[in-house]
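Inside the fold
Here are the chains, one letter per residue:
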Amino acid sequence: MENTTACLLISCPDKQGLVAKIASFIYSNGGNIIHADQHTDFESGLFLTRIEWQLEGFNLPHDLIAPAFNSIAQSLQANWELHFSDSIPRIAIWVSKQEHCLLDLLWRHRAQEFFAEIPLIISNHPNLKEIAEQFNIDFHYIPITKETKIEQEKKQLELLAKYKIDLVILAKYMQILSTDFITQFPQVINIHHSFLPAFVGANPYQKAYQRGVKIIGATSHYITADLDAGPIIEQDVVRVTHRDTVKDLIRKGKDLERIVLARAVRLHLNNRVLVYGNRTVVFE
């Protein structure tokens, strides 16, 4: 267990003594807290916290920590997640024809910026199969039409189960996931090529150009049944001018999309994002 840590993400109704009660659970079992952060949302009355501690010398083994904490969580009316640093998430990247976000994620993974495994790439076009082969990742081409969507999503879900996938990243996957799919597999991160909630849906750069904006943005968010309306993880912007054409906006936007998606994925994998309602707290 040397250097291994456990991390709790907790949201519960705010009241006195919460920090002491959670910290006492860790301290009484021999844990050493190395990171702790918290936020109170006064509008909703929620207390939200991320707390991480070393498992070396901790009295409870991995499989007993959750049951032991659950009795405390129930008394706090808490929603909570428990993560371990030695648990390696398995990622599936979904793409269509654009390769810039896919390549960026794969390069960062090869550079060990992400602590994860990427065993699977799924696409509704065959164009990027060669990239998957270069990185020795299984590639599955699953074309989607309005008539075949339900059937093809069943195949996608079967692949996610077969490869034991924990997280799907939509790296410019130009399809809308059905509500049924999201219900069965809700852990999906998307990159949208605008600063949401502006320019929802398709062709945001063309819309931004027509509107004459002076900044364009990119947004990475969790997928929900509502189009481009899920909890936001990360956003950024870049300036544009009247001299920029739509092609210039797309070029600048692609650079931004890569960075924003990579940041969001890293934050998620490091267990620094806590979703409540349709919002997030990001513990930097």
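Residue numbers run consecutively from 1 along every chain, following the written order of its sequence. Residue-level local features of this predicted model are given only where pLDDT is at least 70; pairs of side-chain atoms are given and counted only at 80 or more, and the full residue set underlies all totals for whole chains, interfaces and linings. Calculation of side-chain values draws on the structure's entire complement of heavy atoms; hydrogens and water are dropped beforehand.

Digging into the overall build of the protein
Helix numbers and strand numbers start at the N terminus; a helix is a DSSP run of H or I with at least 4 residues, a strand a run of E with at least 2. Helix and strand counts for the protein stand at 8 helices and 13 strands. Relative to the compact-globule value of 19 Å for 284 residues, the protein shows a C-alpha radius of gyration of 21 Å, a close match. Over its C-alpha atoms, taken along the principal directions, the protein stretches across nearly 60 × 40 × 35 Å. Three exposure classes are used, based on accessible area relative to the maximum for each residue type with a 1.4 Å probe and protein chains only: buried under 20%, partly exposed in between, and exposed over 50%. Counting all 284 residues of the protein, 48% fall into the buried class. In the protein, of all internal contacts separated by at least 6 residues, the share reaching a separation of at least 24 is 67%. With the model as given, the accessible surface of the protein reaches about 14800 Å², and the carbon-plus-sulfur share is 50%. Under the counting rule used here, the positive set is Lys and Arg, the negative set is Asp and Glu, and His together with the chain ends is not counted. By convention, the point assigned to a charge is CZ for Arg, NZ for Lys, CD for Glu and CG for Asp. Separation of charge centres in the protein, based on 29 positive and 32 negative side chains, amounts to 8 Å. The globule rule used here is 2.2 Å times the number of residues to the 0.38 power, and the radius of gyration it is set against is calculated over C-alpha atoms. Contacts between residues were defined by any pair of non-hydrogen atoms, one from each residue, lying within 4.5 Å. Note on areas: Shrake-Rupley with a 1.4 Å probe; residue coverage comes only from the protein chains shown.

Comments concerning the packing of aromatic side chains
Within 6.5 Å between ring centres, the rings of Phe, Tyr and Trp (the latter by its six-membered ring) count as paired, and their orientation is classed by plane angle as stacked under 30 degrees, edge-to-face over 60, tilted in between. Applying the stated criterion across every chain, the model contains 6 aromatic pairs. Arranged with centres 5.2 Å apart and planes meeting at 75 degrees, the rings of Phe69 and Trp80 form a pair that is edge-to-face. In this pair, Phe69 is assigned in helix α2 (residues 62-76) and Trp80 in strand β4 (residues 79-84), connecting sequence segments 11 residues apart. A relative accessible area of 25% places Trp80 in the partly exposed class. Both rings, one in Phe181 and one in Phe185, keep their centres 6.5 Å apart while their planes meet at 45 degrees; by these two values the pair is tilted. Grouping residues by exposure puts Phe181 and Phe185 together as buried. An aromatic cluster of three or more residues is present, and its members are Trp94, Tyr173, Phe181 and Phe185.

Brief notes about the packing of helix α7 (residues 204-211) against helix α8 (residues 246-269)
Each axis is a line fitted through C-alpha atoms, taken for helices only over the stretch in contact, and angles between the N-to-C directions span 0 to 180 degrees. Interaxial distance between α7 and α8 falls to 9 Å at its minimum, and their mutual angle equals 125 degrees. Between α7 and α8, the crossing angle belongs to the class labelled oblique. As α7 runs across α8, the sense of the crossing is right-handed. Here Tyr205, Gln206, Ala208 and Tyr209 of α7 lie close against α8, whose contacting residues are Val246, Leu249, Ile250, Gly253, Lys254 and Glu257. Taken together, the residues of the contact of α7 with α8 break down into 6 nonpolar, 2 polar and 2 charged. Each angle receives one of four descriptions, namely roughly parallel if under 35 degrees, roughly antiparallel if over 145, roughly perpendicular if within 65 to 115, and oblique otherwise. Two helices that cross are described as forming a left-handed crossing if the nearer one is turned anticlockwise from the farther one by less than a right angle, and a right-handed crossing if clockwise. Put simply, Ala, Val, Leu, Ile, Met, Phe, Trp, Tyr, Cys and Pro go in the nonpolar bin, Asp, Glu, Lys and Arg in the charged bin, and everything else, Gly too, in the polar bin.

Remarks on the pairing of strand β3 (residues 46-54)
In terms of residue burial, β3 counts as a mostly covered element, since 7 of its 9 residues are buried. Two strands are counted as paired when DSSP detects at least two bridges linking them. Of the pairings in the sheet, the one linking strand β1 (residues 5-13) to β3 comprises 9 bridges and is antiparallel in character. When the bridges of β3 are listed, Pro13 appears paired with Leu46. Relative to β3, strand β2 (residues 32-41) is paired through 9 bridges, and the arrangement is antiparallel. Along β3, the bridge assignment pairs Thr40 with Phe47.

As far as function goes, none of this settles anything; it's purely spatial.
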